[in-house]
Amino acid sequence: MKHTLNTLRQQAIASSLFPPTSLQEAIERLGFVQADPIRVPARAQDLILRHRVNNYRVGDLENDYPSLRLEEDFLYAYGFMPKSTWQLIHPRPESELSAADRRVFDLVASNPPIHPRQVEAYLGRTREINDWGGYSTGTTRTLQALHYRGLLRVARRDNGIKLYELAIHQYPSVDPAERLRQLALLITTIFSPLSDRSLRTILSHLARASPALDGRKSIVTQLLKSGDLAHTIVDGVRYVWPASAPVDYTPNETVRFLAPFDPLVWDRQRFEHLWGWLYRFEAYTPPAKRQLGYYALPMLWRDEMIGWVNIANSAGNLAVEPGFKKDVPLEDAFLHEFEAEVERVRLFLQKRPGND
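Cut-offs and rules
Residues numbered from 1 in each chain as written. Predicted model: local features only at pLDDT ≥ 70, side-chain atom pairs only at ≥ 80, totals over all residues. Heavy atoms only, no water. Salt bridge = Lys/Arg side-chain N within 4 Å of Asp/Glu carboxyl O. Helix = DSSP H or I, 4+ residues; strand = E, 2+ residues; numbered from the N terminus. Buried < 20%, exposed > 50% of the residue type's maximum accessible area, 1.4 Å probe, protein only. Axes fitted to C-alpha atoms, helices over the stretch in contact; angles between N-to-C directions. Parallel < 35°, antiparallel > 145°, perpendicular 65-115°, else oblique. Left-handed = near helix turned anticlockwise from the far one by under 90°. Contact = heavy atoms within 4.5 Å. Nonpolar A, V, L, I, M, F, W, Y, C, P; charged D, E, K, R; others polar. Core = buried A, V, L, I, M, F, W, Y, C linked by side-chain atoms within 4.5 Å. Pairing = 2+ DSSP bridges.

Q: What is the right way to read the pattern of salt bridges from this model?
A: Proximity of charged atoms lets side chains of opposite charge pair with each other. This structure, assessed with the given rule, holds 22 salt bridges. The salt bridge involving Arg-9 is made with Glu-304; its shortest N-O contact spans 4.0 Å. Of the two residues, Arg-9 is situated in helix H1 (residues 5–16) and Glu-304 in strand E13 (residues 304–314); the sequence distance between them amounts to 295 residues. In this structure Arg-9 comes out as buried when scored by relative accessible area, which is 12%.

Below you can see the structure in the form of structure tokens.
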């Protein structure tokens with residue numbers, strides 16, 4: 001089949017927006033769900049999952065997490081992943097624990113699951129500069145470091161705050177080269193199809209996720225030569241996807257408001273090439289310089305990203321303000337589907353009892 005921008009768009013939508021299923025199965029199929037703490041109108045992980053999980057409500061992931069086969073960790077970003085993904089990024093290089101690390105580790109071992117405030121109550125409170133230039137408590141930083149090393153895991157969350165327990169090491173004996181191959185194919189699947197340039201950039205993040213794995217710069221070339229990755233060139237850009245991944249495309253007749261970190265949106269270069277305009281995440285942009293809004297959600301209609309919406313939810317009053325980059329659809333089908341998506345968001349934002 002000769003690929004065009006239109007067929008690439010269809011392939012991207014069909015690969016990512018599969019029919020809704022269970023929460024466990026959706027995350028297994030996605031392979032990774034990026035997390036973000038901003039709640040306007042909901043956290044990114046909830047906004048991503050609502051399109052892919054039957055009857056999903058805000059907070060379902062946090063509420064159900066302890067009973068699911070999931071982990072929190074860093075892949076190309078921080079988020080939620082099935083055990084199968086977590087096992088590919090571990091083990092990470094080991095080093096001897098410092099005295100401070102050992103005190104926190106022992107405290108978690110004897111008090112699982114433990115809240116960071118409990119650690120502070122035992123060990124005191126200090127402040128350290130975090131990865132974003134702000135401040136975190138010293139105990140939080142130590143908990144995060146032990147989690148990164150695979151010694152702790154997130155047991156559950158309490159209103160968004162991570163509670164930790166000891167991790168059980170269950171790393172299958174997989175050759176590092178095979179682990180890298182599987183990780184590269186996983187990331188390609190998440191963003192299928194994507195340019196080989198974008199894939200190489202995303203794989204560079206494995207320097208943090210799996211620093212012991214060598215060969216990140218050459219793995220894409222190897223997968224193309226082996227036939228594990230299929231490819232095509234459109235407008236001088238080479239796009240790749242797993243050769244074994246079937247794509248069952250059915251016409252999309254639905255309006256969807258997508259999260260800024262949704263797999264369809266995440267790669268900004270692909271977004272601009274496929275849909276003809278540059279989406280910007282402007283939560284950290286000074287208000288005077290914002291063009292779309294604080295937390296603009298790209299709006300998909302059929303096979304086109306026609307614009308975005310900003311959503312405000314105050315005391316149950318939902319306000320949805322659209323903006324358009326393409327011609328405003330005037331047909332009744334769009335107007336009906338737009339209102340249907342607004343109602344889906346309204347229902348999604350109604351927490352289940354116990355999801356507070």
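After that view of the structure, there is still more to cover.
Q: Can you help me understand the packing of helix H6 (residues 99–110) against helix H7 (residues 116–123) in this one?
A: Relative placement of two packed helices is described by the angle separating their axes and the distance separating the axes. Where H6 contacts H7, the axes come no closer than 11 Å and their chain directions differ by 120 degrees. Taken together, the axes of H6 and H7 lie oblique to each other. Relative to H7, the crossing made by H6 is right-handed. Contact with H6, carried on its side by Arg-103, Val-104 and Leu-107, involves Val-119, Tyr-122 and Leu-123 of H7 and no other residues of that element. Grouping the amino acids of the contact of H6 with H7 by side-chain chemistry returns five nonpolar, no polar and one charged.

Q: It is not clear to me how the nonpolar core should be interpreted in this structure. Could you clarify?
A: Inside soluble globular proteins, nonpolar side chains tend to come together where they are buried. Counting 73 residues, the largest nonpolar core has Leu-49, Phe-257, Leu-264 and Met-305 as the members making the most contacts within it. Residues contacting Met-305, with those up to four places away along its chain left out, are Leu-258, Leu-264, Val-265, Phe-271, Trp-275, Trp-277, Pro-298, Met-299, Leu-300 and Lys-326.

Q: Even after reading the chapter, I still don't get the sheet that holds strand E12 (residues 297–301), so can you show me in this structure?
A: Strands belonging to one sheet form pairs held by backbone hydrogen bonds; the direction of such a pair is parallel or antiparallel. Taken in spatial order, the four strands of this open sheet run E11-E12-E13-E14, and their pairing is antiparallel. Two strands close off the open sheet at either side, each with one partner strand: strand E11 (255–257) and strand E14 (317–324). For this sheet the average axis-to-axis angle between neighbouring strands, irrespective of direction, equals 30 degrees. Bridge count between E11 and E12: three bridges; the pairing is antiparallel. From the neighbouring strand, Phe-257 faces E12, where its bridge partner is Met-299.

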